[in-house]
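Structural features, examined
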Number of protein chains: 2
Amino acid sequence: MELGERKLKILSAIIEAYIQSGEPVGSKALVEMLDHTASSATIRNDMADLATDGYLEQPHTSAGRIPTAKAFRLYIDSLMKRQPLTEKSRHEIEELLSGAASDPERLIEEASQALAEVTGCAAVTTTPDQQSSSIRRIEVLRSGTRTAALLLMTSSGMLRSRVCRFDSDIDSPLLERLNNTLSAEFLGQPLSSVSLAQVQGLLVALGEVGLACAPALTAFVELVQESAEAEVLLSGQLNLLRHPDYELERARSLLSFLSQRELLANMLTAHSGGLRVVLGSESPRPELDGSSIIVTRYSLTGGGDGSIGIIGPLRMDYAATIPRLEYFAQTISRLLRQLMNDG
Amino acid sequence: MELGERKLKILSAIIEAYIQSGEPVGSKALVEMLDHTASSATIRNDMADLATDGYLEQPHTSAGRIPTAKAFRLYIDSLMKRQPLTEKSRHEIEELLSGAASDPERLIEEASQALAEVTGCAAVTTTPDQQSSSIRRIEVLRSGTRTAALLLMTSSGMLRSRVCRFDSDIDSPLLERLNNTLSAEFLGQPLSSVSLAQVQGLLVALGEVGLACAPALTAFVELVQESAEAEVLLSGQLNLLRHPDYELERARSLLSFLSQRELLANMLTAHSGGLRVVLGSESPRPELDGSSIIVTRYSLTGGGDGSIGIIGPLRMDYAATIPRLEYFAQTISRLLRQLMNDG
DNA sequence: GTTAGCACTCTTAGTGTTAGAGTGCTAAAA
DNA sequence: TTTTAGCACTCTAACACTAAGAGTGCTAAC
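Definitions and limits used
Each chain carries its own residue numbering, running from 1 in the written order of its sequence. Chains carry letters and ligands carry numbers; both start at the beginning, A for chains and 1 for ligands, and go up in the order they are written. Only residues with pLDDT of at least 70 get local features here, since the model is predicted, and only at 80 or more are side-chain atom pairs given and counted; chain-wide, interface and lining totals rely on the full set of residues. Each side-chain value is derived from all of the structure's non-hydrogen atoms; neither hydrogens nor water enter the calculation. Starting at the N terminus, helices and strands are each numbered in turn, a helix being any DSSP run of H or I of at least four residues and a strand any DSSP run of E of at least two. Computation of the radius of gyration draws on C-alpha atoms, with the globule rule given as 2.2 Å multiplied by the number of residues to the power 0.38. Accessibility here uses a 1.4 Å probe with only protein chains present; expressed as a share of the type maximum, an area under 20% marks a residue as buried, one over 50% as exposed, and anything in between as partly exposed. Contacts were defined at the residue level, with two residues in contact if any of their heavy atoms lie within 4.5 Å. Each accessible area value is a Shrake-Rupley result obtained with a 1.4 Å probe; residue values ignore everything except the protein chains displayed when judging cover. DSSP calls a pair of strands paired once it identifies at least 2 bridges connecting them. In this description, a line fitted to the C-alpha atoms serves as the axis of each element, helices being fitted only across the stretch in contact, and the angle between N-to-C directions of two axes falls anywhere from 0 to 180 degrees. Neighbouring residues are identified by heavy atoms, a residue being near a molecule or strand if any of them is within 4 Å of it. Side-chain atoms alone can form a polar contact between residues adjacent in sequence; in general such a contact is a pair of N or O atoms within 3.5 Å, and within protein one must be able to donate a hydrogen while the other accepts it. Nonpolar residues are Ala, Val, Leu, Ile, Met, Phe, Trp, Tyr, Cys and Pro. Charged residues are Asp, Glu, Lys and Arg, and all others, Gly as well, are polar. Copy-to-copy alignment: least squares on C-alpha atoms, limited to residues at pLDDT 70 or above in both. Boundaries of every domain are those given by an automatic assignment or by a domain database. For any pair of parts, buried area is found by adding up, for both, the accessible area (1.4 Å probe) each one loses once the two are put together. When a carboxyl oxygen of Asp or Glu lies within 4 Å of a side-chain nitrogen of Lys or Arg, that pair is called a salt bridge.

Description of the overall build of chain A
Summing up its helical and strand segments, chain A has 13 helices and 10 strands in all. For a compact globule of 343 residues, the expected C-alpha radius of gyration is about 20 Å, and chain A comes in at 26 Å, more than 25% above that figure. Counting only C-alpha atoms, chain A reaches 90 × 40 × 35 Å along its principal axes. Expressed as a percentage of its 343 residues, the buried residues of chain A come to 52%. Put simply, 63% of the contacts in chain A that link residues at least 6 apart link residues at least 24 apart. Accessible area of chain A: about 15000 Å², with a carbon and sulfur share of 48%.

The following block contains the structure:
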């Protein structure tokens, strides 16, 4: 299985040509690419070997060769020469992100859009994992005779609010009591530690007003859980429709998969760190066949971190895209740390 | 231009057959549909007349006829017999919506998804117009040495929050002063009345701490403006890709148009009330050609109202879809009123 | 191990043909 | 005057056929 140097060169050339054109690559064209260092017959022999080793396949007898997933894997893991970002594109990215909001969630959303734009793929991000962050502040604010606003702030700077309805009229003392109880119980606690059981305990502790507060407590638990789970943001789906490799059916099934946020979240959070490339055909999901996912992680000082990645056709310019994605992750990490540090 | 009764029947039959099959309709098939009340030759003559009047067109000489936009217009405005909702589908809709959240924004979002599911089209809604609603509560809550959470509640029960960064460290007295000032100035005021000028006046009134509060004031104005403008929610875009009338290019350009939320918002809010059907080819937007938009409005007791509609192929089952949409609008109005009334 | 040459295969584009669907027209019938 | 039957005509879709071109695999020579 050891591939000789020439074979590797041929394989690289085929992959790069295929990435560019999307067409099968023939021996004649390869002679040019390799600067006539070998004849077409030699190249054909090597190609035949590469095909039996599973790196190449033929759409039909008299067509050129197409790299298989195995070939892409090899290319991405060792053959590929990363294309360093030009000063100009660094600048462009910097520009796109520096205008972003000071709200961390918005920053990530805007970064996601920018990434989609820069790479021409769909971009997917998760908001920072909040499992390890804690509750910084809780407020229950009256907003009507029977409604209140529930506000939750986490140590990583995320803000979540929702309207909560009570079953009966509420008054200020009730809310004050609720407020104090919630704050006393949960302030500084990690989000992951808030359990329904604990909250039910509070219901008892609140005594006669406990029952009246039940809807708020339920809403509070939901709010905490909602805050704790990383949210998945998807941008630039339309880019996929623009790419010639996606015909309608494939695009539809991919987009349909991407709209199932939980599945997507699992894919993204499944790995611990570093860059990861998942080639569609390697994954068990048939919807991902013909597509490729590149994910990496950004991290906050507070310990939280999140995923950022792109999804596009298998035939993607990895050498240029991967450094871009990494630069995005770095920049987001830096900006978020800045936000947190003097937050 | 007066069309005789038979011609109208023929036209209706053509439209309905075309809606069902998507194929050109021929005279022979029409003989069956009209229960042999006329011969194919007669029908052909009438069809020729309808074609010269601009109601029908031929893809090519030896094909059947396809209804034009003019025909659809006539059909929708007067020919069509609305298909009343069955008890079962009423129930289904009721079911889908009753499980929805008590937060009005979520309710509308979930309704939008349900509508897309029920109609098989893309659904589009706007959150209630907040121009006429007023500020019910404002809170600035400290969340870090230099950050605070800004919270805005409106009379219609909407909740908006955002993180706001200060340029220097903040303390409780500062925030209390800011809070009091904002509340005193804006509580009960309609959202539309909040102007940058007024806020800048406050900056002066706040005296020495005014400058320190500037970021919060800017954020406040942004938050108000953001709350005031109706938000456009889009669901079920994938449904469009599933429909055979949309090939890739048409779908792409439509989805691309739909992603421009401001344009969409303009289209939706352009009319005052009642149901409206916009046939794509009638609109100046080339992206909408071949598509059709049906919009109506839902309303709140508080005076605010919003749009709800669907977007799908021109060849749509209007007779069944329109009553469904109207039922959605009614139900949402009712649910929102319930929420507001004891809110 | 590499190369030139050549027969072979397969795709693609173009052409011709045919069956079928549907029309428009004309002349007769109501 | 309106409706109908009949028929010639047109156009499409499907199929088969052909020729050109691209690319391979194999063999024999270098």
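Some details on the sheet that holds strand S7 (residues 232–235) of chain A
Residue and element names in this part refer to chain A. Taken in spatial order, the 5 strands line up as S7-S3-S10-S9-S8 in an open sheet, and their pairing is antiparallel. The sheet terminates laterally at S7 and strand S8 (276–279), the two strands that pair on one side only. Shown here is a sheet whose adjacent strand axes are inclined to one another by a mean of 20°, direction ignored. Across 9 bridges, the pairing between strand S9 (residues 291–299) and strand S10 (residues 305–313) is antiparallel. Looking across to S10, one finds that Ser292 is bridged to Gly312.

Side note on the protein's contact with DNA strand C
Taken together, 20 residues sit near DNA strand C, with Arg6, Thr42, Thr61 and Ser62 of chain A together with Ser27 of chain B positioned nearest. Each atom of DNA strand C within 4 Å of the protein was assigned to sugar, phosphate or base; sugar and phosphate come to 75%. Here a base oxygen of DNA strand C sits 3.1 Å away from a polar atom, N or O, in the side chain of Arg44 of chain A. One nitrogen or oxygen atom from the side chain of Thr61 of chain A is found 3.5 Å from a phosphate oxygen belonging to DNA strand C. For the surface near DNA strand C, the secondary-structure elements that each account for two or more residues are helix H3 (40–52) of chain A together with helix H3 (40–52) of chain B. Classifying every residue of the surface near DNA strand C by side-chain character gives 4 nonpolar, 12 polar and 4 charged.

Focus on the relation of the copies chain B and chain A
For the pair chain B and chain A, the superposition axis carries a translation of 0.0 Å, the fit reaches an RMSD of 0.1 Å, and the rotation angle comes to 180°. In symmetry terms, the pair is related by a two-fold rotation axis. The position closest to the rotation axis in chain B is occupied by the C-alpha of Leu248 of chain B, lying 2.7 Å away. Of the interface residues in chain B, 100% have counterparts in chain A that sit at the interface too, so the contact is made through matching surfaces.

Some details on the domain arrangement of chain A
In terms of domain boundaries, chain A breaks down into domain 1 (5–79), domain 2 (87–129 + 231–342) and domain 3 (135–228). On a C-alpha basis, the centroid separation for the pair domain 1 of chain A and domain 3 of chain A is 62 Å.

Here's the deal with the protein's contact with DNA strand D
Around DNA strand D sit 20 residues, and of these Ser27 of chain A together with Arg6, Thr42, Thr61 and Ser62 of chain B come closest. Within 4 Å of the protein, atoms of DNA strand D come from sugar and phosphate in 73% of cases. A distance of 2.8 Å is found between a phosphate oxygen of DNA strand D and a side-chain nitrogen or oxygen belonging to Arg6 of chain B. A distance of 3.1 Å separates a base oxygen of DNA strand D from a polar atom in the side chain of Arg44 of chain B. Those elements giving two or more residues to the surface near DNA strand D turn out to be H3 of chain A together with H3 of chain B. Top contributing element to the surface near DNA strand D by residue count: H3 of chain B, with 4 residues. In terms of residue class, the surface near DNA strand D is built from 4 nonpolar, 12 polar and 4 charged.

With respect to the sheet that holds strand S3 (residues 122–126) of chain B
All names here are of chain B. In spatial order, the strands read S7-S3-S10-S9-S8; together these 5 strands make up an open sheet with antiparallel pairing. Looking along the sheet, the strands with just one partner apiece sit at the ends: strand S7 (232–235) and strand S8 (276–279). Here the average twist between neighbouring strands, direction ignored, is 20°. As paired strands, S3 and S7 are joined by 4 bridges and run antiparallel to one another. Note that in S7 the partner of Ala123 across the bridge is Ser235. Packed on one face of the sheet, helix H12 (residues 261–269) meets S3, S7, S8, strand S9 (291–299) and strand S10 (305–313) and runs near 100° to S7.

Here we look at the interface of chain B and chain A
Taken together, the contact pairs 36 residues of chain B with 36 residues of chain A. Here chain B and chain A share an interface that buries about 3300 Å² over both sides, 60% of which is from carbon and sulfur atoms. Summed over the three residues of chain B that lose the most area to chain A, namely Arg165, Leu241 and Leu248 of chain B, the buried surface amounts to 17% of that side. Applying the counting rule to chain B against chain A returns 2 salt bridges. The closest approach of N and O atoms between Arg106 of chain A and Glu226 of chain B, which form a salt bridge, is 3.1 Å. At the surface where chain B touches chain A, the tally comes to 7 residue pairs in polar contact (both at pLDDT 80 or more). Put simply, the parts of the chain that give the side of chain B that touches chain A at least two residues each are strand S4 (135–142), strand S5 (147–154), strand S6 (159–165), helix H10 (237–242) and helix H11 (248–258) of chain B. Of the residues in the side of chain B that touches chain A, the class split is 12 nonpolar, 10 polar and 14 charged.

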